[in-house]
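Take a look at the letters that make up each chain.
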Amino acid sequence: MTLRNYLEKAKKEKWAIGQFNFSALEQLRGILGAAQKLRSPVILGTSGGELGYLGLEEVIALFEIAKAKYRVNAFLNLDHGKNLDLIKRAVDYGFSAVHFDGSGLPLEKNIKYAKKVIECAYKKGVLVEGELEDIKKDNLTSLNKAEKFIKETKIDSLAIAIGNRHGFYKNVKLNFNRLKEIKEKTKVFLVLHGGSGIPEHQIKKAIKLGIVKININTELRIVWKKSLAAAFRTRESKPYKILAVVQNEVQKKVEEKIKLFGSRNKI
Ligand code: 13P
């Protein structure tokens, strides 16, 4: 099954595939461990910052080896790619998907660059995700812009703004009316960024209304940091013991999300 196959299946059966970001080995293994245990497809995300630290070559090598070892259906996505050269390199190196974040550009430029990304990605069967409005509080995806963007670019997926935002926030209120309107007017795969901290009942409703991919980063970073900090308060100093605990905690958080998204046993 390709990532496209899974997204189509998720759309038909009303569940979502999680994108979990990583920049450390404990996160990569924790995510794949959860996917293996719950027989769930997963997307591994790396943003420009995460890639800048780990290195593109290292990400590909670590991912391929770990994926084969865990025997899971996992896919790599470049998260919030803003630089065309980096996007091209990710495509050449074998990423399954790239997210072109043109949200900071005027619509016409966003369309122009998205087309360039699509041209280079489609040759290799790489999925492309687009973005219109910056995903932050009070920003809502405009229906007119979304329709024009999708029609002109023929993009596969769209990251939408419906009250979601990046980081861990309480009191998130997703605008389900806008989600319904977008769903009615488009056929693309709809993506919810800023998944950390969104209450469970809102996540479930968003999936019911058509979200097929949900990105989680901050919550995994918090678990990673807190469990590492807790280990530093003990007398333990062996990295392989400390980091095994961290990996286990990350895995538990990913398992929680996989169950919530309904992607369990979908391999
Ligand atoms: P959070 O950090 O809020 O989970 O968002 C992650 C994300 O959307 C990555 O693109």
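Please read all numbers here as calculations on a predicted model, not as lab measurements.

Basis of the calculations
Residues numbered from 1 in each chain as written. Predicted model: local features only at pLDDT ≥ 70, side-chain atom pairs only at ≥ 80, totals over all residues. Heavy atoms only, no water. Helix = DSSP H or I, 4+ residues; strand = E, 2+ residues; numbered from the N terminus. Rg over C-alpha atoms; globule rule 2.2 N^0.38 Å. Contact = heavy atoms within 4.5 Å. Areas by Shrake-Rupley, 256 points an atom, 1.4 Å probe, with all protein chains shown as cover. Lys, Arg positive; Asp, Glu negative; His and termini not counted. Charge placed at Lys NZ, Arg CZ, Asp CG, Glu CD. Buried < 20%, exposed > 50% of the residue type's maximum accessible area, 1.4 Å probe, protein only. Polar contact = N/O pair within 3.5 Å; in protein donor to acceptor, adjacent residues only side chain to side chain. Near = heavy atom within 4 Å. 1 Å grid on protein atoms, 1.4 Å probe; cavity = no way out; pocket = protein on both sides within 12 Å on 5 of 7 lines; lining within 4 Å. Sits in = over half its atoms within 2 Å of the grid points. Nonpolar A, V, L, I, M, F, W, Y, C, P; charged D, E, K, R; others polar. Salt bridge = Lys/Arg side-chain N within 4 Å of Asp/Glu carboxyl O. Pairing = 2+ DSSP bridges. Right-handed = clockwise from strand over helix to strand, strands pointing away. UniProt positions renumbered as here; feature names shortened; annotations may be inferred. Points joined across faces, edges and corners; volume = space filled by probe spheres on them.

**Considering the overall build of the protein**
Now for step 1: When helices and strands are counted, the protein shows eleven helices and eight strands.
Now for step 2: The C-alpha radius of gyration computed for the protein amounts to 18 Å, which stays within 12% of the reference 18 Å derived for 267 residues, consistent with globular compactness.
Now for step 3: Here the analysis covers contacts within the protein between residues at least 6 apart in sequence; of these, 71% occur between residues at least 24 apart.
Now for step 4: Counting every atom, the protein has about 12,900 Å² of accessible surface; 50% of that belongs to carbon and sulfur.
Now for step 5: For the protein, the separation between the mean place of its 51 positive charges and that of its 29 negative charges on side chains is 4 Å.

**Considering the side chain of Asn21**
Now for step 1: Looking at the secondary structure, you find Asn21 in strand S1 (residues 17-21).
Now for step 2: On the basis of relative accessibility, which here comes to 1%, the residue Asn21 falls in the buried class.
Now for step 3: In terms of polar contacts, Asn21 uses its side chain to reach the side chain of Glu50, at 3.0 Å.

**A look at the site of the ligand**
Now for step 1: In the vicinity of the ligand there are 13 residues, among which Asp79, Gly194, Ser196, Asn217 and Thr218 approach most closely.
Now for step 2: Separating an oxygen atom of the ligand from a side-chain N or O atom of His166 is a distance of 3.1 Å.
Now for step 3: Taken by itself the ligand offers 310 Å² of open surface, and the protein chains cover 97% of this.
Now for step 4: More than half of the atoms belonging to the ligand lie within 2 Å of the grid points that define the largest pocket.
Now for step 5: Those elements that provide at least two residues to the shell around the ligand are strand S3 (74-81) and strand S8 (211-216).
Now for step 6: Looking at the shell around the ligand residue by residue, the class counts come to one nonpolar, ten polar and two charged.

**Concerning the pattern of salt bridges**
Once the charged atoms of two side chains with opposite charge are near each other, the side chains can pair.
Now for step 1: Evaluation of the coordinates by the stated rule reveals 17 salt bridges.
Now for step 2: Salt-bridge contacts for Glu13 lead to Lys9; the nearest nitrogen and oxygen are separated by 3.2 Å. Of this pair, Glu13 and Lys9 both sit in helix H1 (residues 3-13), four residues apart, roughly one helical turn.
Now for step 3: By relative accessible area, Glu13 is classed as partly exposed at 36%.
Now for step 4: For the salt bridge of Glu108 with Lys148, the shortest nitrogen-to-oxygen distance reads 3.3 Å.

**A few points about the pairing of S8**
Now for step 1: The buried fraction of S8 amounts to six of the six residues, a majority that puts the element mostly inside the structure.
Now for step 2: Where S1 meets S8, four bridges bridge the pair, whose relative direction is parallel. Its bridge partner being in S8, Gly18 is matched across the sheet by Ile214.
Now for step 3: Two strands pair when backbone bridges link them, and strand S7 (residues 189-192) and S8 are joined in this way by three bridges, in the parallel orientation. Residue Leu190 lies in a different strand from S8, and its bridge partner there is Ile211.
Now for step 4: Each parallel crossover has a hand, and the one from S7 via helix H9 (residues 200-208) to S8 is right-handed.

**What about the UniProt feature "binding site: dihydroxyacetone phosphate" (unreviewed entry) in the protein?**
Now for step 1: The UniProt entry lists Gly167, Gly194, Gly195, Ser196, Asn215, Ile216, Asn217 and Thr218 under the feature "binding site: dihydroxyacetone phosphate" (unreviewed entry), expressed in the numbering used here. Look at the named residues: they lie 52 residues apart in sequence, but the longest C-alpha span between them is just 10.9 Å, so in the fold they bunch up. Among the annotated residues just listed, those that line the largest pocket are Gly167, Gly194, Gly195, Ser196, Asn215, Ile216, Asn217 and Thr218.
Now for step 2: In this structure, Asn215 sits in strand S8.
Now for step 3: With sequence-adjacent residues up to four places away left out, Asn215 is seen in contact with Gln19, Asp79, Val191, Leu192, His193, Gly194, Gly195 and Ser196.
Now for step 4: In this structure, Asn217 sits in the loop between S8 and helix H10 (218-232).
Now for step 5: Here Asn217 falls in the buried class, since its relative accessible area comes to 16%.
Now for step 6: Those residues in contact with Asn217 that sit more than four places away from it in its chain are Asn21, Glu50 and Ser196.
Now for step 7: A distance of 3.0 Å separates a polar atom in the side chain of Asn217 from a polar atom in the side chain of Glu50.

**Comments concerning the pairing of S7**
Now for step 1: In S7, alternate side chains face the same way, and those of Phe189 and Val191 on one face and Leu190 and Leu192 on the other are all buried.
Now for step 2: Pairing between strand S6 (residues 157-160) and S7: four bridges, direction parallel. The residue bridging Ile160 from the neighbouring strand is Leu192, located in S7.
Now for step 3: Note on the crossover from S6 through helix H8 (residues 176-185) to S7: the handedness is right-handed.

**Examining empty space enclosed by the protein**
Now for step 1: With the rule as written, the count across this model stands at one cavity of 30 Å³ or more.
Now for step 2: What lines the largest cavity is Leu3, Leu7, Ile43, Asn77, Ala97, Leu127, Val128, Glu129, Ser157 and Lys213.
Now for step 3: Elements that contribute at least two residues to the lining of the largest cavity include exactly H1 and strand S5 (127-131).

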